[in-house]
Amino acid sequence: MTQVNRLKGGQIDRTQTLNFTFDGKSYQGHGGDTLASALLANNVRLMGRSFKYHRPRGPLTAGSEEPNALVELRSGARQEPNTRATTAELFEGLSANSQNRWPSLKFDAMAINDRFSNFLTAGFYYKTFMWPAAFWEKVYEPIIRKAAGLGSLSMQADPDEYDKGFRHCDLLIIGAGPSGIMAALTAGRSGAQVILADEDFAFGGRLNSETFAINDEAADIWVQASIVELSALSNVRLMTRTTVIGAFDHGIYGAVERVSDHLIQPKSGKPRQILWRIYAAKTILAAGATERPIAFENNDRPGIMLASAIRSYANRWAATPAQRIAIFTNNDDGHRTATDLHAAGVKIAAVIDTRADAPRSLDYEVLQGAQVTDTKGRLGLSFAEVELADGSMRTIECNAMGISGGWNPNVHLTCHQRGRPTWDDGLAAFVPGEILPPGMSVTGAALGHLSTHGALENGVKAAKTALGLKGRTAKLPSAEDAPVTQTPFWYVEGCSRAWLDQQNDVTVKDVKLSHQEGFRSVEHLKRYTTLGMATDQGKTSNLGGLAIMAELAGKSIPEVGTTIFRPPYTPTAIGVMAGRIRGMDFHPTRLTPSHYWAKERGAVFVEVGNWLRAQWFPIEGETHWRQSVDREVAATRASVGVCDCTTLGKIDVQGTDAAAFLNKVYCNGFAKLAVGKVRYGLMLREDGIAMDDGTAARLDEDHFVVTTTTANAGKVYQHMEFVRQCLYPDLDVQLISTTESWAQYAVAGPNSRALLQKIIDADYDITNEGFPFMACANITVCGGLRARLFRISFSGELAFEVAVPARYGDALMRKLMVEGEEFNVTPYGTEALGVMRIEKGHAAGNELNGTTTALNLGMGRMVSKIKDSIGSKLSEREGLNEAEALKMIGIKPIDGNDKVTAGGHLMNKDGPVNATHDQGYVTSAAFSPSLNSMIGLGFLKNGDERLGEKMRLVSPVTDLNVDVEIVSAHFIDPEGGRQRA
Amino acid sequence: MIINHPLLGPRDSAEFVYLGDASLIERPDPAAETALVDFVDYAYMRENPAGSLRELWFHEAGDRSWLVVTRNTMTHEISDVQMACDVARKIGRSK
Amino acid sequence: MQYSGFKVIKEALTGHKGWKPAWRDPEPQSNYDIVIIGGGGHGLATAHYLAKIYGEKKIAVLEKGWIGGGNVGRNTTIVRSNYLLDGNEPFYEMSLKLWEGLEQDLNYNAMISQRGIMNLIHSDAQRDAFVRRGNAMMLNGADAEYLDLDQIKKEYPFLNFDDARFPIKGGLAQRRGGTVRHDAVAWGYARSADSHGVDIIQNCEVTGFRIENGKCLGVETSRGYIGASKVGCAVAGSSGRLMAKANMRLPIESHILQAFVSEGLKPVLPGVITFGAGHFYVSQSDKGGLVFGGDLDGYNSYAQRGNLPVVEDVCEGGMAIMPMIGRARLLRMWGGIMDMSMDGSPIIDRTHIDGLYFNGGWCYGGFKATPASGMVFAHLLAKDEPHETATAYRFDRFKTGHMIDEKGMGNQPNLH
């Protein structure tokens, strides 16, 4: 496998010979190669097919701005579509495949599109595919979708790990070319905390691709010496393979470091990539400039690339795309490619310069005032047709062509905060505008200083200004300072099939059509033709399109304007944006104090927010969840059950104004709640809608414990702090969330007191007289362990809630189980909890759904009229107090075997079944072992006056249509005798 | 974004939860004659400026204080940060 | 000029010389019967229906920039009618029906693709809520289907069923939901309105209203004063700024919503999927890019750009349900100004100023509502009374207590 196009020198490591495959064929390259440079060295120019016309394509560039040479890198779960061969580092065993072609890259059946290009112009699809109407979805679209896209995903889960990190610095320098390195040296030597980042795997920027001298030596020597100095500074952090993808608010930058992409796979324990959030006090953008092409007929053949790219391949990668190369340029820089390639022994067929006064050469022919008017060579350039200054034609044999249309400063990040660049007539390019992201300055070629000396000088200045450094600077290294002049020449007259956006196949002809049809603003042009919307985001094509539109519209380029530059600077793996937050780590998992005990017990768990709660506890022989849940309900109501209710929010409220404060946040009264008593509280939002309910227990004169629902714990806490800090800042009250500090268990059932008397220390009287319904107290258990006891009941049975510091929760649960054996104590989970509260008619989250009021919940009278509280005023609005307002009721099927479905709607028994006649809906449903039938809670228009009415319950989406009766929501023990026992 | 907490120094805004316009501190007098109309205005009507806005942020992942931040809604530049309880007291809110 | 396959072929064979500008670029006249402020999807749709259905004659659409530059120029393209509340569902279902006939109505291929939307369900409470919603949809004449886990596994085998923090339990599907090519909607409506005589005036910013004795007489613009018997405002996220010129405050906050597109991929996603345990929804465009989005950044903004935490949050959601996208690349992210109302539902109503009408507060519902919004706003402008599907979208509903709150979040816009 000879690399016939290898040259001498370069930065490749010839001691490393790397084997790789492309489209199944084996090749060899060297360390430091990219996939593109290695393929070119092996005389492979054809690397891809374009999106629409499937035209054969080779690399246009040598960098991340590449539109054509996109491959599927790797295979299996690590397959990465749309990978730029120009930046993919070569490694031993690399395997890549071309994309968007069938059956092969050389013979692509879809290339037939190219023959029909006349019909497939920009926007053609808006004008057709409409008839017959059904055909769009059944015929046209499937075909279009199959042909669309470029690379394929493997459809398997991404097997690599990604990480996220945070860095802080005084100065972030984006780009390690001559300007960036000089800025880093200046800043680093001053002691500032510096981060120098470059997307490339080597430092040096453009210097790596040129044959410039610095201090009269190869520039590489200066680069290496600088890096050695910077590495030794502990206040400087060097980051290669790191693309700064976006400039976000307040000096926060996103950067992606490709830790392992240059290896066959990440080393064990290492991430593939890292997303860095960099907090930079100041930033210098030293991102360089990108060359732009000239548009001419058939300017997209494999082998035609940017002149600077050919130089990069030759000087850095010791590879030439062909042995016979032509140059087409409108400026002096293009000639550099001819000089360098000639010196490397490559034949320069001609330098075709649009300028009549182009510089001549003794080494090769320069055609002054000439233009390329066409090319030949479908699978690879073979000839160029050139029109000379005198109008005569010449055919030039060449297998590669370097195009130089000038340079565009890489201004992108300067515009990430809606800034716009400014047009510079001298450069015929956009340069950074006036309004930059705060803290950012620009230097070097990115600022429009295209000479090496300019870059070095600028870098020093930028660092000094950014950090406010005074004093003299070290002597600047010597470097070339060639003047840069640019006469705009965007396209060759009369060209039509001349490509602007090579990936999306947008030609000069398309821009003209866009103008003809009235899509003349730069945004309309972009959207109508899709110019600049491909994976390269128009880095080498936007300006050409703009220039042509400007000409057609009779405007200057800055008048036409640019589209918005947005992050990410280059496409970024979705995996790295997610980092480790995936799979089971997507959210934290919160475990209750009794979790491990419950696990041992065989509990089935359910996610409740971020918590895992036991849903039910199956025992031997139970095969269906209903068996477990029914048993748990029956056992609790018959004897005693225990349920972990730690997850419900607990908020400690302390201070001399604690009661007054609670009086403001609850709609019912709390000012006069006696010490040692608990009261149910309903909290309204300021708009009068029920927000949350719970209890407030007055353990002491200035000490309450407030409970909330599990789901709303955070929200209620936030709300209470708002009321405290923003509305009543002088109330003497403090709040603290104690949800996780206390393990809290409900002990419910006729034997609950008897069980608790076995663990509560004898000092405490919890008989019905000593500790009546809705009492609370600080107590001790198990011989002195401090605890809290609340006599509240969610189940409707005689019940208590006992709380101990969370670290004792596991032990307490085990103790309760041991002591409760004599009562056949039954642990119950959230399902049984839910069944019992539905049987009792207690509203819960399903009923407090954010649209219901106290009135709807049957608690209208709870909203005190004698004191102000959050929400009380707006709860008076007429719309919330209508005669036909929804009221909470119970639903029972007439036939005990019928289902009740939450989400079902209530209809009049003999009335139409549609939305206009909707009477209400079911919020909660469960099978009630106590009633041996399904039951439900819900809301019904004027429900409290319709008890006993027979209605229909319909749930069309689950095929339900049954007869039901409207009953009181309190299915069992409506008088409440059991909980007061 | 970075919010310069008066007590804790610069913090990433991701530590906070956003509520809305700081006019929410100016809860109307429920005993006034025009109370219902006042409360509707308070709860629902907003300046929504394209420019400087005083807004409420809750430091949920930090010290749980409410802050009044003055921020430009066009540029996101933050020009002032105060403790909300101080702002509340300044406009006469007390008990 | 009629568009058709024949026309495309004919023009291709004759050098494309016959294509005319899709709409005129007229000078503004001194007055109109109806002026619509806002050349986005809603404003252009309103103009189309006013001209075509309601027979209005002298209509102008004023757009401060270039038409279709707001939400309709950069949204996530989803259309659906899966709303819960009676104030909303009939409206959105009407919209979906209008989408279904739109291409024929406009003679423009908006690429309406009803490939289905599925809302994933991850908990019992969520299931109950979606069942209620599915029922509301069906009772309102729309389509809804409850899918159990096995059905979802069959249709979407690449979803994460193995190590999901919040396992999928089921889903609610609307088969008639799907996506539409958003730019085509703006251009299609513009072309049609223009062909019916509507003047579309771009680069014309409204700088003020001329109001005398409680009546709006016209608008001051960057291109001169334009008189109008009726002025309809349809500027979405810019509503606050515009109505402030009429000294109006609104129950709306402007927030930033980010959206994302990946590099083009061969087809992987048949329909639209929404994740129920995180902020992520996704579809695949006809060009192959995955188009996805999530939640608001959360703070008021007119900056049209957001910050990193949301980008991460959305990608985390994406990786949670379809970890195959880790190797796909985020190509571009953008942000727009969302007009978030105080109850999450829009306002389409007259104002207290005679002759001044308002349409805004669309939250996440704007794009899918485009045809219906245009239709009902046209109805309101033409007949001075609300369309039957839009009777609840009144300004005064906050005063009277008739909020249309799908999410049940109350008067905090960033929670809707």
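**Student:** Would you mind showing me how to read the overall build of chain A here?
**Tutor:** Of regular secondary structure, chain A possesses 20 helices and 51 strands. Against the 2.2 N^0.38 benchmark of 30 Å for 981 residues, chain A shows a C-alpha radius of gyration of 38 Å, more extended than a compact globule. With 981 residues in all, chain A has 64% of them scored as buried. Contacts in chain A between residues at least 24 apart in sequence constitute 66% of all its contacts with a sequence separation of at least 6. If you sum the accessible surface of chain A, you get close to 35,400 Å²; carbon and sulfur atoms cover 52% of it. Of the side chains in chain A, 102 bear a positive and 110 a negative charge, and the two mean positions are spaced by 1 Å.

**Student:** Explain the interface of chain A and chain C here, please?
**Tutor:** It is common to give the size of an interface as the accessible area lost on bringing the parts into contact. With 127 residues of chain A in contact, the opposing surface of chain C contributes 111 residues. Carbon and sulfur atoms make up 56% of the area that chain A and chain C hide from each other, which totals about 10,100 Å². Taken as a group, Tyr126, Arg145 and Ile574 of chain A account for 8% of the area that chain A buries against chain C, more than any other trio of residues on that side. Linking chain A to chain C there are twelve salt bridges. Two residues, Glu316 of chain C and Lys164 of chain A, come together in a salt bridge whose shortest N-O distance is 2.9 Å.

**Student:** In this structure, what is going on with the interface of chain B and chain C? I would like to understand it.
**Tutor:** Contacts between the two partners involve 23 residues from chain B, matched on the other side by 25 residues from chain C. Interface area, chain B with chain C, both sides summed: about 2,200 Å², of which 52% is carbon and sulfur. Considering only the surface of chain B that becomes buried against chain C, Tyr44, Arg46 and Asn48 of chain B emerge as the three largest contributors, covering 32% of it. One can count three salt bridges joining chain B with chain C. Summed over the shared surface of chain B and chain C, the number is 14 residue pairs in polar contact (both at pLDDT 80 or more). Counting only elements with at least two residues in the side of chain B that touches chain C, the list comes to strand 3 (17-21), helix 1 (35-44) and strand 4 (52-58) of chain B.

**Student:** Explanation requested: the sheet that holds strand 3 of chain B in the structure shown.
**Tutor:** Two orientations exist for strands paired in a sheet by backbone hydrogen bonds: parallel and antiparallel. All names here are of chain B. Reading across from one edge, 3-4-5-6 is the order of the four strands in this open sheet, with antiparallel pairing throughout. This sheet does not close on itself; its edge strands, each paired only once, are strand 3 and strand 6 (78-83). In this sheet, neighbouring strand axes are inclined to one another by 30° on average, regardless of whether the strands run parallel or antiparallel. Here four bridges tie strand 3 to strand 4, and the two strands are oriented antiparallel to one another. By the bridge assignment for strand 4, Tyr18 is matched with Trp57.

Here is what the cut-offs are and how they apply
Residues numbered from 1 in each chain as written. Chains lettered and ligands numbered in written order. Predicted model: local features only at pLDDT ≥ 70, side-chain atom pairs only at ≥ 80, totals over all residues. Heavy atoms only, no water. Helix = DSSP H or I, 4+ residues; strand = E, 2+ residues; numbered from the N terminus. Rg over C-alpha atoms; globule rule 2.2 N^0.38 Å. Buried < 20%, exposed > 50% of the residue type's maximum accessible area, 1.4 Å probe, protein only. Contact = heavy atoms within 4.5 Å. Areas by Shrake-Rupley, 256 points an atom, 1.4 Å probe, with all protein chains shown as cover. Lys, Arg positive; Asp, Glu negative; His and termini not counted. Charge placed at Lys NZ, Arg CZ, Asp CG, Glu CD. Buried area = accessible area lost by both parts, 1.4 Å probe. Salt bridge = Lys/Arg side-chain N within 4 Å of Asp/Glu carboxyl O. Polar contact = N/O pair within 3.5 Å; in protein donor to acceptor, adjacent residues only side chain to side chain. Pairing = 2+ DSSP bridges. Axes fitted to C-alpha atoms, helices over the stretch in contact; angles between N-to-C directions.

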